[in-house]
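Observations on the three-dimensional arrangement
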Amino acid sequence: MTLAALSPRLARERGGLAVALALLVLVLGLSGLLRRADDALYDIGLALGTSAQPPDDIVIVAIDDASLAAMGRWPWPRAVHAQLLDRLAADRPRAILLDLLLSEPSADPADDQALAEALERAAPVVLPVVPVAAAGGRALDQLRPAASLGSGYRLGQADAELDPDGLLRRDYLHAGLGSARLPHVALALLDAARGRPGVAPETLDAGSADGHWQRSDPVLLRYRGGPGHFEQVSYADVLLGRVPPGRFTGRHVLVGVTATGLGAGYPTPLSGNASPMASVEIVATLFDSLRHGDAPRSLPELPGVAVSALLTALFVIALTRLPPRAALVLAFAGAGASLLLAWLLLDSADLWFAPTGLASVALLAYPLWSWRRLEAASRFVDDELQAIAHAAGPNLGVAGGLRSHAASAAPADRSRLAGRSTRPLEARLDALAGASQQLRDGRELLAGALGALPDPIFVVDRQGLVLLANPPAGPVCRPPCRRRRPSARDPGRPPAARAAARTGTRRRKRLDRAARRGGPGRPPAPPHRPASAPRAPAHPCEPARTAGAARRARGLPQFPRSRGGRTRIGRHRRRPHRPAHPPARRLHAALLR
């Protein structure tokens with residue numbers, strides 16, 4: 001068994017680990033166990049991308065503590081709101097949001113009539129619709145503006161849903177009872193500013209009988225700062241004329257409550273639970289994102305988890321093909337890259353990709369792969385030891401053989417010994433080291449036995465390479481004679497080689513004639529190898545092959561001999577050939593075959 005037998009095992013372990021971790025990401029993503037971690041990473045991305053400069057065309061008319069101190073207890077008569085709308089309409093703003101819940105008729109019908117007329121004059125104005133629990137708590141109802149306020153305004157829903165940790169990170173652009181067709185108040189304000197049609201009060205139905213509040217088009221809130229990020233003007237200052245004329249010209253005006261203990265504030269990722277952000281500021285945040293087109297959207301749950309699982313499988317396959325040190329570096333780099341990728345997509349593409357599953361698997365893949373690879377290597381070592389135990393020992397006639405005590409024991413005893421081992425890896429390595437030492441001892445014993453024999457003996461493998469040779473075989477390994485220069489008339493050479501030799505001979509003759517006429521000749525020939533320099537054998541114990549032995553082994557005719565011990569072939573001569581020892585000659589021929 002060779003190391004190639006370990007590759008299929010590692011391939012199976014690699015595929016099994018990739019599938020297992022991909023399924024783990026699917027389960028964690030669909031179960032929502034990683035949602036809080038993903039939300040925390042989203043908060044970090046928001047903090048990295050906050051903007052210090054608020055927009056100059058958004059202004060909040062705040063019903064703050066100073067206004068309550070100047071104008072008395074809340075709620076104020078609706079005629080007061082009518083006066084405020086008249087002052088705002090005088091500056092001709094683009095659109096106005098009156099973020100106040102006006103669901104019941106006023107005690108004084110004249111106040112409602114005054115506010116209805118002011119809404120007509122200050123158009124476009126948006127009023128909110130809020131879902132509330134109906135009687136009994138089993139269904140929902142919607143609080144809409146009172147019918148006594150007329151129809152000179154637009155409607156928008158002001159629904160908000162907190163995350164499991166109590167922070168407000170996302171909202172829905174459309175919602176409503178029975179059908180999600182009411183736009184968010186921020187979207188309704190944007191439509192009013194751009195002259196698009198909106199939802200009129202008379203077109204709003206009473207909702208479905210089952211009281212199901214439907215939501216659609218979820219978006220994430222991109223907070224650009226904490227409470228007080230947008231420009232605020234006190235309600236009392238506007239009503240009492242302390243604000244210069246033209247302050248609201250061409251701007252988007254949002255009227256809402258910011259006083260302590262009155263308005264509905266929500267904790268946000270940038271404000272926390274200690275200082276909630278007023279609902280009118282949250283509406284301004286969403287409005288600013290919608291008009292710039294950078295409101296982040298997250299991938300749907302199932303496609304997002306499927307993409308994470310696919311990336312996990314590809315990452316695990318890439319990690320398991322690297323060396324241990326490179327795999328460790330890739331594990332930490334993959335975890336960091338997944339976080340950077342999520343923040344980069346949030347900042348540049350307005351897309352939020354939940355990175356917790358991929359980052360967790362990147363850190364978990366390396367120890368799991370190390371464990372599975374160690375298990376595969378341990379099983380491979382066990383199989384090798386068992387193969388050595390079956391193939392060695394009495395088959396070679398060595399006393400005691402290569403069979404260790406654990407290998408020679410019964411299968412039940414071997415499993416019992418393996419179960420008792422407190423250090424299985426160290427035990428396997430010790431057994432492998434013992435088997436290797438016994439193989440070396442057996443080789444040395446065999447070499448000593450061959451050395452005691454008087455005749456030359458060679459031990460060769462199936463390819464004809466000499467593995468062992470005793471000292472009497474040394475004289476057989478004689479240095480070869482110097483080879484003659486290849487000739488174009490050599491019948492044993494291939495036709496292409498003979499043609500190349502003829503071309504080389506003609507080129508040399510042409511260069512010699514040019515040199516005699518005074519032109520450039522051919523470069524000097526390299527120095528010949530001394531006759532006594534032997535050719536480097538392919539193996540330290542391989543007998544040197546002579547030119548004659550090579551020709552005889554190939555079945556080619558021998559060179560004719562002349563008197564004086566020299567052979568003349570054309571213009572080339574070579575030194576006299578000394579016949580090799582007959583046994584060595586036969587061995588050379590056998591090796592060449």
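Quick notes on the rules
- Residues numbered from 1 in each chain as written.
- Predicted model: local features only at pLDDT ≥ 70, side-chain atom pairs only at ≥ 80, totals over all residues.
- Heavy atoms only, no water.
- Pairing = 2+ DSSP bridges.
- Helix = DSSP H or I, 4+ residues; strand = E, 2+ residues; numbered from the N terminus.
- Phe/Tyr/Trp six-rings, centres within 6.5 Å; stacked < 30°, edge-to-face > 60°.
- Buried < 20%, exposed > 50% of the residue type's maximum accessible area, 1.4 Å probe, protein only.
- pLDDT = per-residue confidence, 0-100.
- Contact = heavy atoms within 4.5 Å.
- Axes fitted to C-alpha atoms, helices over the stretch in contact; angles between N-to-C directions.
- Parallel < 35°, antiparallel > 145°, perpendicular 65-115°, else oblique.
- Left-handed = near helix turned anticlockwise from the far one by under 90°.
- Polar contact = N/O pair within 3.5 Å; in protein donor to acceptor, adjacent residues only side chain to side chain.

It is worth spelling out the sheet that holds strand E6 (residues 170-177) at this point. Strand order across the open sheet formed by three strands is E7-E6-E8, with antiparallel pairing between neighbours. Pairing within the sheet leaves two strands with one partner each, and these edge strands are strand E7 (182-183) and strand E8 (213-220).

The subject of this paragraph is the packing of aromatic side chains. Scanning all chains against the criterion turns up three aromatic pairs. When the ring of tyrosine 42 is compared with that of tryptophan 352, the centres are 5.4 Å apart and the planes differ by 70 degrees; the resulting orientation is edge-to-face. Taken as a pair, tyrosine 42 in helix H2 (residues 35-48) and tryptophan 352 in strand E14 (residues 351-352) lie far apart in primary sequence, 310 residues in all. Across the pair, exposure class does not vary: tyrosine 42 and tryptophan 352 are buried alike. Both rings, one in tryptophan 76 and one in tyrosine 235, keep their centres 5.0 Å apart while their planes meet at 50 degrees; by these two values the pair is tilted.

Glancing now at the confidence of the model for the chain. Atom-level detail of predicted coordinates should not be read off regions where pLDDT is low. Predicted confidence across the chain gives a mean pLDDT of 78, with 72% of residues reaching 70 or more. The model gives residues 529-545 a pLDDT under 50, and that stretch makes 34 contacts with residues more than four places away or in other chains. The low-confidence segment residues 561-593 (pLDDT under 50) makes 46 contacts with residues lying over four places distant or belonging to another chain.

Let us look at the packing of helix H4 (residues 78-90) against helix H5 (residues 109-121). Here H4 crosses H5 at 15 degrees, and the two axes come no closer than 8 Å. The orientation of H4 with respect to H5, classified from their angle, is roughly parallel. Our pair here, H4 against H5, has a crossing hand that is left-handed. Side by side, H4 and H5 meet where Arg78, Ala79, His81, Ala82, Leu85, Asp86 and Ala89 of the first sit next to Asp111, Asp112, Ala114, Leu115, Ala118, Leu119 and Arg121 of the second.

Our focus in this paragraph is the side chain of aspartate 57. Structurally, aspartate 57 can be placed in the loop between H2 and strand E1 (58-63). Within the structure, aspartate 57 has its side chain in polar contact with the side chain of arginine 291 (distance 2.2 Å). Setting aside anything within four residues of it in sequence, one finds aspartate 57 in contact with Arg251, His252 and Arg291.

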